[in-house]
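Report on the structure
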Amino acid sequence: MAPRKLNVLVYTGTGSTVESVKHAIYSLRRLLSPNYAVIPITETVLLKEPWAPSCALLVFPGGADLGYCRVLNGEGNSIISQYVRRGGSYLGFCAGGYYGCKKCEFEVGNKAMEVVGPRELAFFPGTCRGGAFKGFQYHSEKGARAVRVNVVKDAFRGSGLVPEVFTSYYNGGGVFVDSLDGNGDVEVLASYAGELDVDGGREKAALVYCKVGQGAAILTGPHPEFAAANLSPQHDVAGYEQLINSLRSDDDARTSFLKACLTKLGLDANQETSSVPSLSRLHLSSINSSDVDDLIHSWEEIISREDGEEYIKAESDTFHLQKPETMWSVTGLKEALTPNDSSDKKPSGLSSEGIVDYSTIVKRIVTHEEAWPEAKATPYFNHNAFYSSLQEYRRSQPEAEEWGDFLMYGEVVTSTNTLLEKNFKLLSRLPSGFTLTATTQVAGRGRGSNVWVSPAGSLIMSTVINHPAHLAPSRPIVFIQYLAAIAIVEAVKSYDQGYDEIPVKLKWPNDIYALDPRQPSTSPPSYVKIGGILSNCSYSAGSYQIVLGIGINATNGRPTTSLDALLLPHLAPFRIEKLTAGIITRLESLYKTFVRRGFTRDMEGAYYDHWLHGRQIVNLETQGGVKARIVGITRDWGMLRAEELGSNDRPTGKIWALQSDENSFDFFRGLVKRKI
């Protein structure tokens, strides 16, 4: 059972530079979202984590490749090489291009900067020689320039439209020489148009494609991933403004070329370039609208007032409180319409062209104290449908009485979990069951270093749970993620008549999987991830404040599949409002039973009824590869229980207990590994 490769991993460890990483992540997310999750990783992940099975593309950005060599020579490069040769893809920009060649020659004769030597990956069997143009200085833009690059269009047959020539940012990259003539495993994708300051051979190859075993690599000298929108003025660098203007005027051609490169590496690039959406307003409402006023009153101590406007200046974000009738006040219009270059501009997040620092953007909360938001104000979320469903589900869940009473919704947010968890001043004043939901996240978070791609069509929500500290010893917090997993599956299966056979499952400790509907019925069952749970915890005034984040592919088919894709033809598509209400009510009912009685045998049975791991045999990497059989979770601290197996897979009598915060489960490889 092989997982779909959904991760694009961008190396951010020793040797990389912040600017190169930022540009790479920005451009890749624009071209690949929502089909892939673009994730920054360090050398520790490359060396210790089993990242390869889910990796669609490994990217090494600009920087200094000696840093890459220092931490990855030997074991690390062996892992990378094996990944590519077994069918993986590698993309090396500038320093990442040098790093992928058999030999590096950089600034030969310049004693202060000269780097000459072999490289272990050797995807390109020749030499990368640079700098192709003079003037490079480390940590400086003084050697940067805009270069014209001629595209070899025949190399992109079947990869979409490509320009004949485009303008690219350049700063210290090389030219690829030797091993070009007569080598069927190497293609020149583009050549420098101008004269070089080193011997670039007949081709003057700026980008090359290398067939490596069953996989492939693209190596670049220039930086086709650098967008003009993300370059800052350099007043001490002559001609830098002209450089930015040159790149900006040719940005469409650059983008088309980069998209074709990704397609040639086997990725499913967007036909239309995705812009980064602007943050929307947050709409705060309640099942009883007048209760919103009471909630705002409880925030009085953290509200500050400026020019008649109300703000909450929390630890990570500033929130501007607005009423529906003042959404279009003079102040609000000024925030929205002040030109980008104005010195008195408060960042509004309306620009979608460049890298956005979301922490500087004031988040606007519209407080609906008299009526629920109108459909025109929130076209992608119907509040009437949500609150009606909440009331309907409560009739069948006697203990579900309060959770979901307060709802805050945003069409586009950074991350529902981050907005709550990172702003403790606000979080500490929220009641249990307060839920923040969104249509789209632009900075969503997953467990550990994971990123969960959350485009429109995802169910995205974070719910606050105030868990009394005195209960923690007998009602451990770790079980709450298990309650959430049960609530999600049961809410899906009890959505309406006929939905009870939808094939959704749980993967320990906190993922939701579904039977892949794209697999032929004659093939063995194959499951793909469609959702996850992220739990963050803090402490205040005698309670642990848990922010429980849930993300599910409900109606969107990317990046894996969706709940809608699992439906029989006669069943109506899921409504996110109704499913959200179902999850909240089921979670509240389970939690209140848990507070009274602990993790009961009924809860344990429900968890096992839906999980993927029944009697699965695994290898415990942290215990030297010991073979074991999964037998359940412990009812005291919620750890994964595995019985050790000896010869002929017979139990040895030894039981292993694995903590969910220290280990993670690679279902497809059948191992439990230490979490880094």
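Residues numbered from 1 in each chain as written. Predicted model: local features only at pLDDT ≥ 70, side-chain atom pairs only at ≥ 80, totals over all residues. Heavy atoms only, no water.

Right, let's talk about the overall build of the protein for a bit. Looking only at helices and strands, the protein has 15 helices and 31 strands in total. Looking at the protein residue by residue over its 676 residues, the buried ones come to 57%. Put simply, 69% of the contacts in the protein that link residues at least 6 apart link residues at least 24 apart. For the protein, the exposed surface amounts to about 28,200 Å²; the carbon and sulfur share of it is 48%. (Helix = DSSP H or I, 4+ residues; strand = E, 2+ residues; numbered from the N terminus. Buried < 20%, exposed > 50% of the residue type's maximum accessible area, 1.4 Å probe, protein only. Contact = heavy atoms within 4.5 Å. Areas by Shrake-Rupley, 256 points an atom, 1.4 Å probe, with all protein chains shown as cover.)

With that out of the way, let us pick up the environment of Ile655. Structurally, Ile655 is set in strand E29 (residues 651-658). By relative accessible area, which is 44% here, Ile655 ends up partly exposed. Sequence-distant contacts of Ile655, that is, excluding residues within four places in its chain, are made with Arg641, Ala642 and Glu643.

By the secondary structure assignment, Asn423 is in the loop between helix H11 (416-421) and helix H12 (424-427). We classify Asn423 as buried; its relative accessible area is 0%. Asn423 has contacts with Ala314, Glu315, Ser316, Asp317, Phe319 and Thr418, leaving out every residue within four places of it along the chain.

So, on to the packing of aromatic side chains. The tally for this structure, following the rule as stated, stands at 35 aromatic pairs. On the basis of an interplanar angle of 80° and a centroid distance of 5.2 Å, the ring pair of Phe60 and Tyr68 is categorised as edge-to-face. Centre to centre, the rings of Phe124 and Phe176 are 5.6 Å apart; their planes meet at 80°, and the pair counts as edge-to-face. Of this pair, Phe124 sits in strand E7 (residues 124-130) while Phe176 sits in strand E10 (residues 174-177); the two residues are 52 residues apart in sequence, bridging distant segments of the chain. (Phe/Tyr/Trp six-rings, centres within 6.5 Å; stacked < 30°, edge-to-face > 60°.)

For the rest of this paragraph, the subject is the pairing of strand E19 (residues 406-413). With respect to burial, E19 is a largely interior element, seven of its eight residues being buried. With five bridges joining them, strand E14 (residues 282-286) and E19 adopt antiparallel strand pairing. Bridging from a neighbouring strand, Leu282 pairs with Gly410 of E19. Here E19 runs beside strand E20 (residues 435-441); their pairing, made up of six bridges, is parallel. (Pairing = 2+ DSSP bridges.)

We now examine the packing of helix H13 (residues 479-493) against helix H15 (residues 601-610). Two elements in contact, H13 and H15, have axes whose closest approach is 10 Å; the angle formed by their N-to-C orientations is 65°. Between H13 and H15 the crossing geometry is left-handed. Residues Tyr482, Leu483, Ala485, Ile486, Val489, Glu490 and Lys493 of H13 pack against Met603, Ala606, Tyr607 and His610 of H15. Each residue belonging to the contact of H13 with H15 can be placed in one class, and the counts come to eight nonpolar, one polar and two charged. (Axes fitted to C-alpha atoms, helices over the stretch in contact; angles between N-to-C directions. Left-handed = near helix turned anticlockwise from the far one by under 90°. Nonpolar A, V, L, I, M, F, W, Y, C, P; charged D, E, K, R; others polar.)

With that settled, consider the nonpolar core. In this structure, Leu459, Val504, Leu563, Phe574, Leu579, Ile583 and Tyr607 are the most contacted members of the largest nonpolar core, which totals 67 residues. A total of twelve residues in this core trace back to one element, the largest contributor, which is H13. The residues contacting Leu459, other than those within four sequence positions of it, are Ile550, Gly551, Ile552, Ala554, Ile576, Leu579, Thr580 and Ile583. Counting 45 residues, the second-largest nonpolar core is a separate cluster that includes Val10, Val162, Ala190 and Tyr209. (Core = buried A, V, L, I, M, F, W, Y, C linked by side-chain atoms within 4.5 Å.)

All right, on to the pattern of salt bridges then. Counting across every chain of the model gives 30 salt bridges. Asp65 is the partner of Arg119 in a salt bridge, and the nearest nitrogen-oxygen pair spans 2.6 Å. Residue Arg119 is found in the loop between strand E6 (115-118) and E7, and its partner Asp65 is found in helix H3 (residues 65-72); the two are separated by 54 residues along the sequence. The pair Arg119 / Asp65 is uniform in exposure class, with both members buried. One salt bridge in this structure joins Arg629 and Glu643, with 3.1 Å as the shortest N-O distance. Linking Arg629 in strand E27 (residues 626-633) with Glu643 in strand E28 (residues 640-645), this pair joins segments that are 14 residues apart in sequence. Across the pair, exposure class does not vary: Arg629 and Glu643 are buried alike. (Salt bridge = Lys/Arg side-chain N within 4 Å of Asp/Glu carboxyl O.)

Attention now moves to unusual backbone geometry. Cis rather than trans, the peptide bond between Gly130 and Gly131 has omega equal to -10°. Relative to the assigned elements, Gly131 resides in the loop between E7 and strand E8 (145-151). Notably, Ala122 is not glycine yet its phi reads approximately 50°, a positive angle. Within the element layout of this structure, Ala122 appears in the loop between E6 and E7. Overall, the relative accessible area of 24% leaves Ala122 in the partly exposed class. With a phi angle near 50°, Asp307 is a residue other than glycine that sits in the positive phi range.

Note on helix geometry: an α-helix contains 3.6 residues per turn, so any two residues three or four positions apart are oriented the same way. Listing the buried residues of H15 in full gives Met603, Glu604, Ala606, Tyr607 and His610. Seen from one end, H15 has its buried residues packed into an arc of 160°, which puts them on one side. Facing away from the buried side of H15 by more than 90 degrees, the exposed set consists of Arg601, Asp602 and Asp609. Buried-residue contacts for H15 involve H13, strand E22 (504-507), helix H14 (576-597) and E27. (Arc of directions from axis to C-beta.)

Looking now at the packing of helix H1 (residues 18-32) against helix H7 (residues 251-264). Where H1 contacts H7, the axes come no closer than 11 Å and their chain directions differ by 75°. The angle between the axes of H1 and H7 places the two elements in the roughly perpendicular class. For the pair H1 and H7, contact is made by Ser27, Leu28, Leu31 and Leu32 and by Arg254, Thr255, Leu258, Lys259 and Leu262, respectively. Residue composition of the contact of H1 with H7, by class: five nonpolar, two polar and two charged. (Parallel < 35°, antiparallel > 145°, perpendicular 65-115°, else oblique.)

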